[in-house]
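Architecture at a glance
Below, each chain spelled out in residue letters.
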Amino acid sequence: MNCHEFQNELEDLVLNPAQAPSPVAQAHLSNCDPCSAELKELRATFAAMDAWTAPEPSPWFDTRVTARVRAEQQSAPANFLERLRARLLYNTGAQFRPMMATAMALVLMVGGAGTYLASVKSTPAPRAAVVEDLQILDRNDQAIQEMDLLDDASQDDEGIPQT
Ligand SMILES: [Zn+2]
């Protein structure tokens, strides 16, 4: 057995320390110092990992996290600028796509409304001129009617002494 072949058996020897190495592997171990040292180190590492226990989190950890989440939920709803800032800070970019689409739609709408308003704004000018002309004519008409009435009245006044 060479070192390469022993590597295949090394895994079983480390994971099952109770299992005795095969006679061929045992022969290689006694003849090969590097492989023997590697097996020894790996067994020591695995033994240390078995003995190690993960530290328990502080008993107050869950309570504090829950309290902070509740405080955040009960706090006044963020205004539009704060929500926008949080979105800009923490988003992944995928959320930007509908936002960009909305922005583009807004730009198109504003542009369309702008041209519409411009067209609406441009039309009143001739109409206003027409209205003004009509108002002038109306005023003239009224003046003529008033003059007619005056004429009639003066004729009536003249007529009274005659009767
Ligand atoms: Zn070896």
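Scroll up to find the structure this text is about.
Computed from a predicted structure; not experimentally measured. One numbering rule holds for all chains: residues counted from 1, following each sequence as written. pLDDT decides what is reported in this predicted model: residues at 70 or higher carry local features, side-chain atom pairs at 80 or more are listed and counted, and totals for whole chains, interfaces and linings draw on all residues regardless. Just so you know, side-chain values use all the structure's heavy atoms and leave hydrogens and water out.

1. What to know about the packing of helix 1 (residues 3-15) against helix 2 (residues 23-31)
Our working rule: Fitted lines through C-alpha atoms give the axes, limited to the stretch in contact for helices. The angle between two N-to-C directions lies from 0 to 180 degrees. Per the convention used, a helix needs a DSSP run of H or I reaching at least four residues, while a strand needs a run of E reaching at least two, with both numbered from the N terminus. For classification purposes, angles smaller than 35 degrees are called roughly parallel, those larger than 145 roughly antiparallel, those between 65 and 115 roughly perpendicular, and all remaining angles oblique. What makes a crossing left-handed is the near helix being turned counterclockwise from the far one by less than a right angle; a clockwise turn instead makes it right-handed. The contact definition used throughout considers only heavy atoms, calling two residues in contact when any of these lie within 4.5 Å. Each residue is assigned to one class: nonpolar for Ala, Val, Leu, Ile, Met, Phe, Trp, Tyr, Cys and Pro, charged for Asp, Glu, Lys and Arg, and polar for all the others, Gly among them.
Taken N-terminus to C-terminus, the directions of helix 1 and helix 2 make an angle of 120 degrees; their axes are 10 Å apart at the nearest point. Comparing their axes, helix 2 and helix 1 come out oblique. In the crossing of helix 1 with helix 2, the sense of the turn from one axis to the other is left-handed. Along the contact surface, helix 1 presents Cys3, Phe6 and Glu9, while helix 2 presents Ala25, His28 and Leu29. When grouped by side-chain class, the residues that make up the contact of helix 1 with helix 2 number four nonpolar, one polar and one charged.

2. Regarding the coordination of the zinc ion
Note the following rule: With water excluded from the atoms, a metal site may look incomplete; its donors are any N, O or S atoms within 2.8 Å, or within 3.2 Å for Na, K and Ca. Between 85 and 135 degrees for all angles marks four donors as tetrahedral; over 155 degrees for opposite donors together with 65 to 115 for all other angles marks four donors as square planar and six as octahedral; every other arrangement is irregular.
Around the zinc ion, the donor atoms from the protein are Cys3 (SG), His28 (NE2), Cys32 (SG) and Cys35 (SG), and they sit 2.1 to 2.3 Å away. What the four donor atoms of the zinc ion show is an angle range of 105 to 115 degrees at the metal, which sorts the shape as tetrahedral. Each donor residue of the zinc ion belongs to the same chain, with the gaps between them written as C-x24-H-x3-C-x2-C.

3. Quick word on the nonpolar core
What counts is decided by this rule: For this analysis, a nonpolar core means a set of buried residues of the types Ala, Val, Leu, Ile, Met, Phe, Trp, Tyr and Cys, connected via side-chain atoms within 4.5 Å. Exposed residues in this analysis have more than 50% of their type's maximum accessible area, buried residues have under 20%, and partly exposed residues fall in between, with area computed by a 1.4 Å probe over protein chains only.
Membership of the largest hydrophobic core is limited to nine residues, which are Phe6, Leu10, Leu13, Val14, Ala25, Leu29, Cys32, Cys35 and Leu39. Elements supplying a minimum of two residues to this core: helix 1, helix 2 and helix 3 (33-51). For this core, the leading source of residues is helix 1, giving four residues. Apart from the residues within four sequence positions on either side, Val14 is in contact with Leu39, Leu42 and Phe46.

4. Quick word on a nonpolar patch on the surface
Our working definition: Here the term patch refers to residues with relative accessible area over 30% and no salt bridge, with like charges joined within 9 Å and nonpolar side chains (Val, Leu, Ile, Met, Phe, Trp, Tyr) within 5 Å. Here the accessible surface of atoms and residues is derived via Shrake-Rupley with a 1.4 Å probe, and residues count as covered only by protein chains that are part of the display. We count a salt bridge whenever a side-chain nitrogen from Lys or Arg sits within 4 Å of a carboxyl oxygen from Asp or Glu.
Taken together, the side chains of Phe61, Val65 and Val69 define a hydrophobic patch exposed on the protein surface, amounting to about 250 Å² of accessible area. For Val65, the position within the fold is in helix 4 (residues 61-74). Using a relative accessible area of 40% as the deciding quantity, one classes Val65 as partly exposed.

5. Concerning the environment of Met1
When you line up the elements, Met1 lands in the segment before helix 1. By relative accessible area, Met1 is classed as partly exposed at 37%. With 24 residues separating them in the primary sequence, Met1 and Ala25 have C-alpha atoms 7.0 Å apart. When near neighbours in sequence (up to four residues on either side) are disregarded, Met1 contacts Phe6, Glu9, Val24, Ala25 and His28.

These results come straight from atomic positions and should not be treated as a statement about function.
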